[in-house]
Amino acid sequence: MAVGQSRKELDECKAALDEKPEDFTAHSNYGWAAMGAGEFQLALQQFSRARDLTQDNASTFQLIDLSWGL
């Protein structure tokens, strides 16, 4: 949606995360947006939280997403 507009992308992903704080996808998307904005510590925090939410029940898609992100 906001590719190339890192601040807008971060704001949109943060808003989605605020609506669904326990959602894997919200954390993952926020992590990807943070990477795009060069905020690598924030990205690591978000990917780590997404990993914690899936624990041992991660789908193949979630594992691939986390592997690429981390």
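Going by the structure above, here's the rest.
The structure reproduced in this document is the subject of the present report. Model, not experiment: these values are computed from the prediction.

Considerations on the nonpolar core
Looking at soluble globular proteins, one finds that nonpolar side chains tend to be buried together. Ranked by internal contacts, the top residues of the largest apolar core, which has 13 residues, are Leu10, Tyr30, Ala34, Leu42 and Leu66. Looking at this core, the elements that each hand over two or more residues are α1 (6-19), α2 (24-36) and α3 (40-54). Tallying contributions element by element places α2 first for this core, with 5 residues. Excluding anything up to four places from it in sequence, Leu10 contacts Tyr30, Ala33, Ala34, Ala37, Glu39 and Leu42.

Considerations on the pattern of salt bridges
Counted according to the given criterion, the structure contains 5 salt bridges. Residues Glu22 and Arg49 are paired through a salt bridge, measuring 2.6 Å at the closest nitrogen-oxygen approach. Residue Glu22 is found in the loop between α1 and α2, and its partner Arg49 is found in helix α3; the two are separated by 27 residues along the sequence. In this structure Glu22 comes out as exposed when scored by relative accessible area, which is 56%. One continuous salt-bridge network, built from bridges that share partners, spans Arg7, Asp11 and Glu39.

Some details on the packing of α2 against helix α4 (residues 60-69)
Packed helix pairs are specified by the crossing angle of their axes together with the interaxial distance, meaning the distance between the axes. Relative orientation of the contacting elements α2 and α4 amounts to 25°, with a least axis distance of 11 Å. Comparing the axis directions of α2 and α4 gives the class roughly parallel. Taken as a pair, α2 and α4 cross one another with a handedness that is left-handed. From α2, Phe24, Ser28, Trp32 and Met35 reach across to α4, where they touch Gln62, Asp65, Leu66, Trp68 and Gly69. When the residues that make up the contact of α2 with α4 are grouped by side-chain class, the tally is 5 nonpolar, 3 polar and 1 charged.

What counts, and where the lines are drawn
- Residues numbered from 1 in each chain as written.
- Predicted model: local features only at pLDDT ≥ 70, side-chain atom pairs only at ≥ 80, totals over all residues.
- Heavy atoms only, no water.
- Core = buried A, V, L, I, M, F, W, Y, C linked by side-chain atoms within 4.5 Å.
- Buried < 20%, exposed > 50% of the residue type's maximum accessible area, 1.4 Å probe, protein only.
- Helix = DSSP H or I, 4+ residues; strand = E, 2+ residues; numbered from the N terminus.
- Contact = heavy atoms within 4.5 Å.
- Salt bridge = Lys/Arg side-chain N within 4 Å of Asp/Glu carboxyl O.
- Axes fitted to C-alpha atoms, helices over the stretch in contact; angles between N-to-C directions.
- Parallel < 35°, antiparallel > 145°, perpendicular 65-115°, else oblique.
- Left-handed = near helix turned anticlockwise from the far one by under 90°.
- Nonpolar A, V, L, I, M, F, W, Y, C, P; charged D, E, K, R; others polar.

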